[in-house]
There are 4 protein chains.
Amino acid sequence: MLEKTEKVIPTRAELTRERILEAAEGVFARTGLNGARVREIADAAGVNVATLYIYFPSKNELHETVLERGVRPLIDLMEEFSSGPRGIEAAGQLVGAVMKHLAARPNFSRLVYLEAISEGSYLSQLARTWFGPLLNRAAREFNDRTVSAPWDESLAPLVVAAFVHLSFGHFALAPLFREVFGSNPISEEWVAQQTKFMATLIRQMFPEPAEPGADRGND
Amino acid sequence: MLEKTEKVIPTRAELTRERILEAAEGVFARTGLNGARVREIADAAGVNVATLYIYFPSKNELHETVLERGVRPLIDLMEEFSSGPRGIEAAGQLVGAVMKHLAARPNFSRLVYLEAISEGSYLSQLARTWFGPLLNRAAREFNDRTVSAPWDESLAPLVVAAFVHLSFGHFALAPLFREVFGSNPISEEWVAQQTKFMATLIRQMFPEPAEPGADRGND
Amino acid sequence: MLEKTEKVIPTRAELTRERILEAAEGVFARTGLNGARVREIADAAGVNVATLYIYFPSKNELHETVLERGVRPLIDLMEEFSSGPRGIEAAGQLVGAVMKHLAARPNFSRLVYLEAISEGSYLSQLARTWFGPLLNRAAREFNDRTVSAPWDESLAPLVVAAFVHLSFGHFALAPLFREVFGSNPISEEWVAQQTKFMATLIRQMFPEPAEPGADRGND
Amino acid sequence: MLEKTEKVIPTRAELTRERILEAAEGVFARTGLNGARVREIADAAGVNVATLYIYFPSKNELHETVLERGVRPLIDLMEEFSSGPRGIEAAGQLVGAVMKHLAARPNFSRLVYLEAISEGSYLSQLARTWFGPLLNRAAREFNDRTVSAPWDESLAPLVVAAFVHLSFGHFALAPLFREVFGSNPISEEWVAQQTKFMATLIRQMFPEPAEPGADRGND
DNA sequence: GATGAATGAGCCTTCATTCAT
DNA sequence: AATGAATGAAGGCTCATTCAT
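Residues numbered from 1 in each chain as written. Chains lettered and ligands numbered in written order. Predicted model: local features only at pLDDT ≥ 70, side-chain atom pairs only at ≥ 80, totals over all residues.

Draft legend 1. Looking closely at the protein's contact with DNA strand E. Inspection of the region around DNA strand E gives 37 residues, with Ala-50 of chain A, Ala-50 of chain B together with Ala-13, Asn-48 and Ala-50 of chain D positioned closest. Counted by class, the surface near DNA strand E contains 20 nonpolar, nine polar and eight charged residues. (Near = placed C-beta within 6 Å. Nonpolar A, V, L, I, M, F, W, Y, C, P; charged D, E, K, R; others polar.)

Written as structure tokens, this is what we have:
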């Protein structure tokens, strides 16, 4: 777990700042940077608009801070795992951890998608600090390991991208699938199933024939 | 197919209308409904703002018309396939056709994602007229057919959703992956690979070992 | 009556022009010059907006022409009477004739009021060509004739103004009184009564006890 | 009387609001609701347009508030008089009080006329809350009292309407009569004369035969 | 530190007017 | 003579942002 004991008593100002960020995340996720109204964020945070401007110099910077606040835990996660062991097990655990984090902040996935679709100014930062390192490392690992048809080296980017689609996309497109299937993709059960689904896919791609006794029965 | 020979000479007005729709699709895809500036759309279409309002009563209705124009071909596609044969081959062909259509209109995927993320007013229409019927049918077919572990019935929604992620998401997230991998996901090669990847996944899920002679060679 | 036999066959263009003027009068009366929409006038006249601009160079000039068209008969009326006999009988007849004309074009009274209230550009023209000559002559005549208390010379402008209020105001304020009294001031009966009321006022102000046999029967 | 001592120090916001209302009354009176430019009102009030919209949600509602602000004193006046004594004296005093109020706010008469002519949305409210009660009561009183020819019951609405014409119309048509007679109807002298004129008319209509020595010779 | 009040800039929309057919 | 198509110039209204208290 992360250090929860350090920040013992948050200042009143820190609380206000946090409330604003929380409110902003929701509004940005729902309406996008352009559609978001500062007034609405301030109202949702329970503060005056002028107060909001004491904490953040502009709507754009607030938006950026919201994104930063969202990736930071993911970066921590990645670093944690990148120093740990590799292999299918580790991959599965990373996927699980990411899914858990995204489930805790469903708005973040939407923010990332909005940023990507609109080619926002924070996109390249996102690519550089998280998606880039993670996906490239995963692709390398995929290539180091893959052997059997039908998978081959050229598929690496697609495969790792697929996991982004299945994780972030799961939360970003949740409203669509809720409408289509009548049940909420963000519910614990669905998230758990989606996580399991991704783990299954990993195992399907890397049969791990060498390790007897493990992961029997899948194809 | 539908009459393509009747509308030989489009009216000047029809051309203008089409130009506006085309321009609007691009702007909406890049900035979302809220962020889109009518002025920018008009400029991109090469018409005066007032002209735009001769053809469309409001920005919102223009947006809706753009979405309608995007789904209609997909609906046609679905109907065409729903009356044809079923099976893995057909599924693969549908995936291919959809990918081809999405590749031809990369903006449309973005529009769908934006609509889903922002829970726009057209989302339920999208769910009702296309995603709903298609995905539910696909899920049923998946369940009719699946047998072997690790796949089971409860996975059906996730699996069909996965194909949405891999197709629409491929185009919607293109800017991110371009940044990450340094090459353009919308390029013909990548689209072809992604299509093949999805077909591979289908075959992996439905091994079809029993039916000799059927569905041969579709890879 | 006025020459109706001269304009035997009006040109098609003349008819169009007349239709536009007629429509414009209604729209201007209801919404004022500023509030009037050229499109609405054209629609009411059953012509294209561009057509309207063939007949009238601008909305303002159309407005002015409408006003001109409205005063011209009144000017004729005044000239007719100014060359005729004077006296109470004549005054009563003029009032009756004016009321009849205003009743036939209830919109015109409104236009005059709108022009006066907004101090429109045609107001001084109205004052110079009609209200001025008529009211000043009437005031002079009032002074020539009045004798008995409580009326005295200084009241002349007020008295003649009163007749403007009671005639033009009757039609201009018709919507208010319709609302208040539940019956339509523009109806024939009410107009007749109002005319009679004004005649009574005239007689009250100028008792004419000396002239036996005069002013008989006009009540 | 109402508490005039309570609101000792008006808020800054209250002052701004009042400034806007004052400015709006002038602009609306001159140009009508349709012709009025919000920008012009704001400029006249010395505030930014956005500020205006903090106080009033729309131009229409501002207009309505201006009208309300104008009638309220008249309603107070009416209530005051309706609980007092009746008779010619009282009628004369009411007329005088109304004239005084209208003279203090000459724009209000114009607003009423514009609303009546354009059959605005506030007209029926005006009719219900002020003109209706007042005129109907006056008409009843007229009928209760009148006896002698040439006045008879059916004239009641016309007679009370006449007083509206002579009071409100006096101010609404002021620009016209200024142009015609070369002197300003809104000047104190003219207003005083017009008030006296109306009082004379009242006395003419109700000779008050009981009081010997008064108003001899008219009828 | 927080807020009520205010504003410049800009956005969606409409309007009077023109042009090509 | 008439019209469908198009436009420059506002107009009403909102928004991100600032200032005085």
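Draft legend 2. Representation of the interface of chain A and chain B within the structure. Across the boundary between the two partners, chain A contributes 44 residues, which contact 42 residues of chain B. Taken together, the elements giving at least two residues each to the side of chain A that touches chain B come down to α1 (12–35), α6 (106–117), α7 (123–145), α8 (156–172), α9 (174–181) and α10 (188–205) of chain A. Per element, the largest residue contribution to the side of chain A that touches chain B is nine residues, and it comes from α8 of chain A. Its residues assigned to classes, the side of chain A that touches chain B shows 24 nonpolar, 16 polar and four charged. (Contact = placed C-beta atoms within 7 Å. Helix = DSSP H or I, 4+ residues; strand = E, 2+ residues; numbered from the N terminus.)

Draft legend 3. Focus on the relation of the copies chain A and chain B. After a rotation of 180° and a shift along the axis of 0.1 Å, chain A superposes on chain B with an RMSD of 0.1 Å. The transformation just described matches what one would write down for a two-fold rotation axis. A high fraction, 93%, of the interface residues of chain A reappear at the interface in chain B, so the copies pair face to face through one surface. (Least-squares fit on C-alpha atoms with pLDDT ≥ 70 in both.)

Draft legend 4. Structural detail: the domain arrangement of chain A. Residue and element names in this part refer to chain A. Structurally, chain A comprises domain 1 (10–56) and domain 2 (67–205). Here domain 1 and domain 2 have C-alpha centroids that lie 28 Å from each other. Contacts between the two partners involve seven residues from domain 1 and, on the opposite side, six residues from domain 2. (Domains from an automatic or database assignment.)

Draft legend 5. Structural view of the environment of Leu-201 of chain C. Tracing the backbone shows Leu-201 of chain C in helix α10 (residues 188–205). In this structure the C-alpha to C-alpha distance between Leu-201 of chain C and Val-71 of chain C, which are 130 residues apart in sequence, comes to 25 Å.

Draft legend 6. Spotlight on the nonpolar core. If you look at the biggest cluster of nonpolar residues, it comprises 133 residues, and the most contacted ones within it are Ile-41 and Tyr-113 of chain A together with Ile-41 and Tyr-113 of chain B. Each of domain 1 (10–56) and domain 2 (67–205) of chain A gives at least three residues to this core. The residues touching Ile-41 of chain B, leaving out its near neighbours within four places in the chain, are Ile-20, Ala-23, Ala-24, Val-27, Ala-36 and Leu-52 of chain B. Ranked by size, the runner-up nonpolar core spans 131 residues in total, among them Ile-20, Val-112, Leu-135 and Ala-172 of chain D. (Core = buried A, V, L, I, M, F, W, Y, C linked by C-beta atoms within 7 Å. Buried ≥ 20, exposed ≤ 12 C-beta atoms within 10 Å, placed from the backbone.)

Draft legend 7. Region of the structure containing the interface of chain D and chain C. Chain D puts 43 residues into the contact, and the matching count from chain C is 44 residues. Only α1 (12–35), α6 (106–117), α7 (123–145), α8 (156–172), α9 (174–181) and α10 (188–205) of chain D provide two or more residues apiece to the side of chain D that touches chain C. With eight residues, the single largest contributor to the side of chain D that touches chain C is α8 of chain D. Tallied by class, residues from the side of chain D that touches chain C come to 23 nonpolar, 16 polar and four charged.

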